[in-house]
Amino acid sequence: MQITAMPTKFARMTKTKKISLGMVAAGAAVMAGTVVSAPAASAATPAQSSGSVHNWINQSLEIMRAKGIPGSYDGIYRNLMRESSGNPNAINNWDSNAAKGIPSKGLLQVIDPTFKTYHVSGTSTNIYDPVANITAACNYAAHRYGSIDNVNSAY
């Protein structure tokens with residue numbers, strides 16, 4: 001049954017309950033210190049690094065500075081939150097890349113061929129590893145856009 005076929009009061013109540021439950025779940029995740037992923041994201045190969053978004057970005061920035069890859073904390077954070085909501089195990093199973101069999105993965109939603117091409121030595125070869133994912137994505141963005149700081153939408 002479609003929601004439009006329900007009485008207006010019941011439909012409004014149902015919608016309010018769904019929103020409230022979603023907010024409760026998000027609040028619980030924040031209180032627990034975790035990040036809630038985008039609804040369509042799913043876990044595949046668990047990330048090997050432990051830590052937090054803040055630590056992963058700072059570790060990546062350290063490597064990037066040593067390798068001459070431009071980028072800032074703010075540029076990485078902005079893109080990372082838009083792409084994965086901070087979930088290192090996020091995978092996009094619905095876009096054009098996924099339809100081709102190469103879904104975007106990890107914090108900055110990188111596809112396997114891009115990760116392999118722009119992988120930075122000294123980081124994990126696991127695309128779900130937060131530091132490796134961030135660093136490879138920033139390396140790609142530097143080559144394509146000059147810096148991750150210049151990326152303001154899907155890239």
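Keep in mind that this is a model prediction, so the values were computed, not measured.

**Student:** Whenever I open this one, the packing of aromatic side chains confuses me. Can you help?
**Tutor:** Describing an aromatic ring pair means giving the distance of the ring centres and the angle of the ring planes. A complete count under the given rule lists three aromatic pairs for this structure. Look at Tyr-73 and Tyr-77: their rings are 6.2 Å apart centre to centre, the planes differ by 10°, and that puts the pair in the stacked class. Taken together, the residues span about one helical turn, with Tyr-73 and Tyr-77 both in helix H3 (residues 73-84) at a distance of four residues. The class for Tyr-73 is partly exposed, based on a relative accessible area of 27%. Relative to Tyr-140, the ring of Tyr-118 lies with its centre 5.3 Å away and its plane at 70°, an arrangement referred to as edge-to-face. Taken together, the positions of Tyr-118 in helix H5 (residues 112-118) and Tyr-140 in helix H6 (residues 130-145) put the pair 22 residues apart, joining distant regions of the chain. Among the residues examined, Tyr-140 registers a relative accessible area of 13% and is labelled buried. Among the aromatic residues, ring-to-ring pairing joins Tyr-118, Tyr-140 and Tyr-145 into one connected group.

**Student:** Can you help me understand helix H2 (residues 53-67) in this one?
**Tutor:** Each turn of an α-helix holds 3.6 residues, which means side chains three or four residues apart point in the same direction. Taking 1.5 Å of rise per residue, the 15 residues of H2 would be expected to cover 21 Å, and the 21 Å separating its terminal C-alpha atoms lies within 8% of that figure. Within H2, the full set of buried residues consists of Val-53, Trp-56, Ile-57, Ser-60, Leu-61 and Met-64. The arc that holds the buried residues of H2, viewed along the axis, is 135°, so those residues lie on one side. In H2, those exposed residues whose orientation departs by more than 90 degrees from the buried face are Glu-62, Arg-65 and Ala-66. Of the surrounding secondary structure, the elements contacted by the buried residues of H2 are H3 and H6. Two residues or fewer after H2 comes Gly-68, characterised by a positive phi angle close to 75°.

**Student:** Help me understand the pattern of salt bridges in this model?
**Tutor:** Opposite charge on two side chains lets them pair, provided their charged atoms get close. Tallied over the full model, the rule gives two salt bridges. Here Glu-83 ties to Arg-82 by a salt bridge, and the two come within 3.2 Å at their closest N and O atoms. On the basis of relative accessible area, Glu-83 is assigned to the buried category, the value being 19%. Given the relative accessible area of 35%, Arg-82 is considered partly exposed.

**Student:** Even after reading the chapter, I still don't get the packing of H2 against H3, so can you show me in this structure?
**Tutor:** Between two packed helices, both the angle of their axes relative to each other and the distance between the axes serve to describe the pair. Here H2 crosses H3 at 130°, and the two axes come no closer than 10 Å. For the element pair H2 / H3, the angle class is oblique. For the pair H2 and H3, the sense of crossing is right-handed. Here Val-53, His-54, Ile-57, Asn-58, Leu-61 and Met-64 of H2 lie close against H3, whose contacting residues are Tyr-73, Ile-76, Tyr-77 and Leu-80. Considering only residue class, the contact of H2 with H3 consists of eight nonpolar, two polar and no charged.

Rules used in this analysis
Residues numbered from 1 in each chain as written. Predicted model: local features only at pLDDT ≥ 70, side-chain atom pairs only at ≥ 80, totals over all residues. Heavy atoms only, no water. Phe/Tyr/Trp six-rings, centres within 6.5 Å; stacked < 30°, edge-to-face > 60°. Helix = DSSP H or I, 4+ residues; strand = E, 2+ residues; numbered from the N terminus. Buried < 20%, exposed > 50% of the residue type's maximum accessible area, 1.4 Å probe, protein only. Expected span 1.5 Å × (residues − 1). Arc of directions from axis to C-beta. Contact = heavy atoms within 4.5 Å. Salt bridge = Lys/Arg side-chain N within 4 Å of Asp/Glu carboxyl O. Axes fitted to C-alpha atoms, helices over the stretch in contact; angles between N-to-C directions. Parallel < 35°, antiparallel > 145°, perpendicular 65-115°, else oblique. Left-handed = near helix turned anticlockwise from the far one by under 90°. Nonpolar A, V, L, I, M, F, W, Y, C, P; charged D, E, K, R; others polar.

Shape is all these values report; function is a separate question.
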